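Given next are the chains, with one letter for each unit.
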Amino acid sequence: MHGISLTAACAGVVGTLAASFAFAGPVSDQYRAGAFGLCWNASKAAIQAKYPGGSWTEDADGRAEYCVESRQTLLKLPAQHQTKQLCFLMGTDGTLGSVTAHMDASLPALLAIVNRSRTTFGDFDSVRRDDSSIQARSTAMLWTRDAPYMVQVASSNDSDGRPLEVTFTVADEPGLHTDGAARVSHKPPGT
């Protein structure tokens, strides 16, 4: 898409959907046209053409996933919090369903992406965590209010609580990532 903005390149897709987003929120405002330079209707070939050098595999549910090393900024964070790898998951319609950015597995990276997501998108409204141990080994905070668009920040940790993996996911098919998530409220009890 040499010299063409993502919004301009995806204008046909966005134009047909604009009426249904009269009350769009911050997640849809940021990702309605697509993510990481690709439209939500991107095919496997389009993904591979934009990001050559990766490999196709299947995720745990048998969906096609393309992962490629890619260093780029995310949510205007400083350079030390760039992505390391991007994984593009195909949706149920055979087009791009979600993109997961893998970050450096560190507490500073986790705090940076959580804090920036909260200032950009507001408080998360759902959470998913591993409750099988005293200290959760994995946690995901989800912003799902702007369905069909959603954002997820997730981490998995070692037994001492140090991050083993930090990811940022954006999707236009929330069902790919919301299984097991519970709604949360940030309001004090009784309000």
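Residues numbered from 1 in each chain as written. Predicted model: local features only at pLDDT ≥ 70, side-chain atom pairs only at ≥ 80, totals over all residues. Heavy atoms only, no water.

1. What to know about helix H5 (residues 107-121)
Piece 1. Look at H5: 21 Å from first C-alpha to last across 15 residues, which is about the 21 Å you get at 1.5 Å a residue.
Piece 2. Restricting attention to buried positions, one finds in H5 the residues Ala-109, Leu-110, Ala-112, Ile-113, Val-114, Ser-117 and Phe-121.
Piece 3. Lining the buried residues of H5 we find helix H3 (26-31), strand E8 (138-143), strand E9 (150-157) and strand E10 (163-171).
Piece 4. The backbone nitrogen of Ala-109 has a side-chain oxygen 3.1 Å away, supplied by the residue at the start of H5, namely Ser-106.
Piece 5. Just beyond H5, the residue with positive phi is Gly-122, at close to 90°. (Helix = DSSP H or I, 4+ residues; strand = E, 2+ residues; numbered from the N terminus. Expected span 1.5 Å × (residues − 1). Buried < 20%, exposed > 50% of the residue type's maximum accessible area, 1.4 Å probe, protein only. Contact = heavy atoms within 4.5 Å. Polar contact = N/O pair within 3.5 Å; in protein donor to acceptor, adjacent residues only side chain to side chain.)

2. A closer look at the environment of Val-166
Piece 1. One can find Val-166 in strand E10.
Piece 2. On the basis of relative accessible area, Val-166 is assigned to the buried category, the value being 0%.
Piece 3. Along the sequence, Val-166 and Ala-109 sit 57 residues apart, while their C-alpha atoms lie 7.4 Å from each other.
Piece 4. The contact partners of Val-166, leaving out residues within four places of it in the chain, are Ala-101, His-102, Met-103, Asp-104, Ala-105, Ser-106, Ala-109, Leu-110, Ile-113, Ala-154 and Ser-155.

3. Concerning the nonpolar core
Piece 1. Formed by 37 residues in total, the largest nonpolar core has its most connected members in Tyr-31, Phe-36, Phe-88, Phe-168 and Val-170.
Piece 2. Secondary structure elements with two or more residues in this core: H3, strand E4 (64-69), strand E5 (85-90), strand E6 (96-103), H5, E8, E9 and E10.
Piece 3. With five residues, H5 is the largest single contributor of residues to this core.
Piece 4. Apart from the residues lying within four places of it in its own chain, the contact partners of Val-170 are Tyr-31, Ala-35, Phe-36, Trp-40, Ser-98, Val-99, Met-150 and Val-151.
Piece 5. Formed by five residues, the second largest nonpolar core is a distinct cluster that contains Ala-140, Met-150, Ala-154 and Ala-171. (Core = buried A, V, L, I, M, F, W, Y, C linked by side-chain atoms within 4.5 Å.)

4. Regarding the pairing of E6
Piece 1. Of all eight residues in E6, eight are buried, a share of seventy percent or more.
Piece 2. Where E6 meets E10, six bridges bridge the pair, whose relative direction is antiparallel. Considered in E10, the bridge of His-102 is made with Thr-167. (Pairing = 2+ DSSP bridges.)

5. Observations regarding the confidence of the model for the protein chain
Piece 1. Summary statistics for the protein chain give a mean pLDDT of 83 and a share of 79% for residues scoring 70 or more.
Piece 2. Predicted confidence for residues 1-5 stays below pLDDT 50, and this span has four contacts to residues more than four positions away or in other chains.
Piece 3. Predicted confidence for residues 11-23 stays below pLDDT 50, and this span has seven contacts to residues more than four positions away or in other chains. (pLDDT = per-residue confidence, 0-100.)

6. Examining the side chain of Asp-158
Piece 1. Structurally, Asp-158 can be placed in the loop between E9 and E10.
Piece 2. A polar atom in the side chain of Asp-158 sits 2.9 Å from the backbone nitrogen of Asp-160.
Piece 3. Discounting chain neighbours no more than four positions away, the residues touching Asp-158 are Arg-137 and Leu-164.

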